[in-house]
Amino acid sequence: LAGEAAPNGVRLQVLPVQKPVPVAVGILRAEAAYHVGRQGFDLLSVPYASCDGFGDIATLVAAHHRGLAEAGRSDTREASLICLHTHVARTDDAARAEAAAAFDDYVASRLYARSSTYDDAMRNGLSLMGSVETVADKLAALHDMGVGHVMILPNFGALPDALVRRSLSLFAKDVIPLAERKRAA
């Protein structure tokens, strides 16, 4: 495609580094996971929009992997991308104090997703919000479910920049190493 004019006259002047370019199909309904896999595509899911609880992610990923296998793909782990709202603090209570209002504002602005509050997200588990330990446990659980890639949504509802940066720092420096240790244990 580089240098070739598209039907609209646009030319792509930069060649993609990855070949083939990875493409993931986003879903808003869990039932679509199998069908996306059956067509041989990677999956992108924001589970708060398509699942009732954290455990449902395993069902969604298993259905996607089953479809991929039927399509002849064996690289199933790397094909499932799960995206979760993320906020890490030193304690679960601190995470709630910092992120609840911003999350509630963010979700209230969504047009096509299920309505949810911070408290709902804590009950159903469809987020990576809480203490370092809480979030590391969930990352390790996602790995056990067959999730190969976790994308995080750390900046939602106009969270102050300083909180987002601190959360990202905790995620990178504390959560990921702890999750890796938990997986190795």
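Quick caveat: nothing in here was measured; it's all calculated off a predicted structure.

Trainee: Any details on helix H3 (residues 92–108)? Residues and values, ideally.
Mentor: The end-to-end C-alpha distance of H3 is 22 Å, a good match for the 24 Å that 17 residues give at a rise of 1.5 Å each. Within H3, the axis deviates most sharply at Ala 99, by approximately 50°. Buried within H3 are the following residues: Ala 95, Ala 99, Ala 100, Ala 102, Phe 103, Tyr 106 and Val 107. Contacts from the buried residues of H3 go to strand E3 (80–89), helix H4 (118–124) and strand E4 (128–131).

Trainee: So what about the confidence of the model for the protein chain? Which residues, and what values?
Mentor: Mean pLDDT over the protein chain: 91, with 94% of residues reaching 70 or higher. Summarising per-element confidence for the protein chain, the mean pLDDT is lowest in strand E1 (residues 24–27) (94) and highest in E4 (98).

Trainee: Can you tell me about unusual backbone geometry, naming the residues and giving the values?
Mentor: Following Lys 19, the chain continues into Pro 20 via a peptide bond in cis, with omega recorded as -5°. Positionally, Pro 20 belongs in the segment before E1. For Ala 158, which is not glycine, the phi dihedral falls at a positive 60°. Here Ala 158 shows up in the loop between strand E5 (149–153) and helix H6 (161–184).

Trainee: I'd like to hear about the state of the cysteines, residue by residue, with values.
Mentor: Across all of its chains, the model carries 0 disulfides by this definition. Unpaired in terms of disulfides, Cys 51 finds its nearest cysteine sulfur in Cys 83, a separation of 13 Å. Under the relative-accessibility criterion, Cys 51 is labelled buried at 3%. Overall, the relative accessible area of 5% leaves Cys 83 in the buried class.

Conventions and cut-offs
- Residues numbered from 1 in each chain as written.
- Predicted model: local features only at pLDDT ≥ 70, side-chain atom pairs only at ≥ 80, totals over all residues.
- Heavy atoms only, no water.
- Helix = DSSP H or I, 4+ residues; strand = E, 2+ residues; numbered from the N terminus.
- Expected span 1.5 Å × (residues − 1).
- Bend = angle between axes of the 7 residues up to and from the residue.
- Buried < 20%, exposed > 50% of the residue type's maximum accessible area, 1.4 Å probe, protein only.
- Contact = heavy atoms within 4.5 Å.
- pLDDT = per-residue confidence, 0-100.
- Disulfide = S-S within 2.5 Å.

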